[in-house]
Amino acid sequence: KCYFGSQCRFLHDVGEYMAVKPADLGRSCVLFETFGKCIYGVTCRFAQVHLGDGYQNIVNTDLAKQWEGKSLVRNNLSKDLQHQLRKRKFIFKKADEYLRGLAKPHGSGGKGGKATGRSTEEQEVSNCTTPQEGLGDSPGCPVLPEQGEDPKPDTLQNPGPTGGEEASSVKTVGPVTDEDIIKLRSCEKKKLEIQGKLYLAPLTTCGNLPFRRICKRFGADVTCGEMAVCTNLLQGQSSEWALLKRHHTEDIFGVQLEGAFPDTMTKCAELLNQTIEVDFVDINVGCPIDLVYKKGGGCALMTRSNKFEQIVRGMNSVLDIPLTVKIRTGVQEKINVAHKIIPKIREWGASMVTVQGY
């Protein structure tokens, strides 16, 4: 029954609709041949292939069962997650812990100076070579006093939770494993092994999911999504989350983030680490667009080494997957600085650096 009655602008009789419908464009429907069912039914421009008596839509049950329960596209934004982000109820436990470390004064360096987790990174490197010291990465590791200071009894005890730290509201069920309480060392993270493989570079406004599917058919091994702005992702914008979608044929897939400050980038990295399935996360430090550059993001980070270091170290500390960085040869014309920055990026914890050559 149509509530608009005679004022409705649409046809309600299938036979009448098929009489005025344009001729089909071909004799094969890709959806019907692939999935065993075409969701468009009589409106499909190849409908004669899968229409039976009385214009009923034909379903190939054997082929449809093969795809039953399978997700063709992953990394979708759920309504529940979108609500948490918009109401700011998502808990960034690791990111908040790292950002509190930036806010603490480090010696004479002032507030949030160069000491952006370097001691932790050096400790992780030493732990990779000496497994006996692996317990030092756990939250209960005793804090040793600096040179020239007298050891205090409080420093040899396990530090309790700080007053500003909020406990997670999510109650877990089941046994506690090492993954729940022990932080991964840098040598224990998943490795990015793409030697000898063809890498399709991320292309803004061009490298969308249909384009990447075509490139996969032509031999691309590694694919990466379009540049996504971290602040828009944290706000739960559906249009920005669409850039993170992954097709099931993309076996090695990464996402690219753009941002200018360590707080938003670190929180966004932790958000993606918990909610989507990717093999690596890439930082865009090569975008020359004025809108991005004037806010301090993109290639402007190459001139803001302190913020750049804090972003890389912070994102690496909250990710369980490799972190990569894309940079330019330089910011100013005929002044190349990439060869000076790349060794520093490696020290900060990035697994790979790609260079845009102009």
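Calculation criteria
Residues numbered from 1 in each chain as written. Predicted model: local features only at pLDDT ≥ 70, side-chain atom pairs only at ≥ 80, totals over all residues. Heavy atoms only, no water. Buried < 20%, exposed > 50% of the residue type's maximum accessible area, 1.4 Å probe, protein only. Helix = DSSP H or I, 4+ residues; strand = E, 2+ residues; numbered from the N terminus. Pairing = 2+ DSSP bridges. Phe/Tyr/Trp six-rings, centres within 6.5 Å; stacked < 30°, edge-to-face > 60°. Core = buried A, V, L, I, M, F, W, Y, C linked by side-chain atoms within 4.5 Å. Contact = heavy atoms within 4.5 Å. Axes fitted to C-alpha atoms, helices over the stretch in contact; angles between N-to-C directions.

Asks: Describe the pairing of strand β6 (residues 323-328), and please don't skip the residues or the numbers.
Replies: In terms of residue burial, β6 counts as a mostly covered element, since six of its six residues are buried. Across the two faces of β6 the burial is the same, with Leu323, Val325 and Ile327 and Thr324, Lys326 and Arg328 all buried. Inspection of the sheet shows strand β5 (residues 280-285) paired to β6 by five bridges, in the parallel sense. For Asp282, the partnering residue across the bridge sits in β6 and is Thr324. As judged from the five bridges shared by β6 and strand β7 (residues 352-356), these two strands associate in the parallel manner.

Asks: Just give me the short version of the packing of aromatic side chains, but keep the residues and values in it.
Replies: One pass over the structure, following the stated rule, counts four aromatic pairs. Judged by centre distance (5.0 Å) and plane angle (70°), the rings of Phe35 and Trp67 are edge-to-face. On the criterion of sequence distance, the pair formed by Phe35 in helix α2 (residues 30-35) and Trp67 in the loop between α3 (61-66) and β1 (73-74) is long-range, its members being 32 residues apart. Accessibility expressed as a relative area gives 24% for Phe35, which makes it partly exposed. Measuring from centroid to centroid gives 5.3 Å for Phe308 and Trp348, while their planes differ by 75°, and the two rings are edge-to-face. You can see Phe308 sitting in helix α13 (residues 305-318) and its partner Trp348 sitting in helix α14 (residues 338-348), a full 40 residues away along the chain. With a relative accessible area of 6%, Trp348 lands in the buried category.

Asks: So what about the nonpolar core? Which residues, and what values?
Replies: Nonpolar side chains in soluble globular proteins tend to be buried together. Counting 42 residues, the largest nonpolar core has Trp241, Leu257, Val281, Ile283, Phe308 and Met315 as its most contacted members. Among all residues touching Trp241, those that are not within four sequence positions of it are Asn75, Leu77, Leu81, Leu85, Leu233, Gly236, Leu271, Leu272, Thr275 and Ile276.

Asks: Account for the sheet that holds strand β2 (residues 222-229), naming residues and giving values.
Replies: Spatially, β2-β4-β5-β6-β7 is the arrangement adopted by the five strands of the open sheet, whose pairing is parallel. Each edge of the open sheet is held by one strand with a lone partner, namely β2 and β7. Strand-to-strand twist in this sheet, taken as the mean axis angle between neighbours without regard to direction, amounts to 25°.

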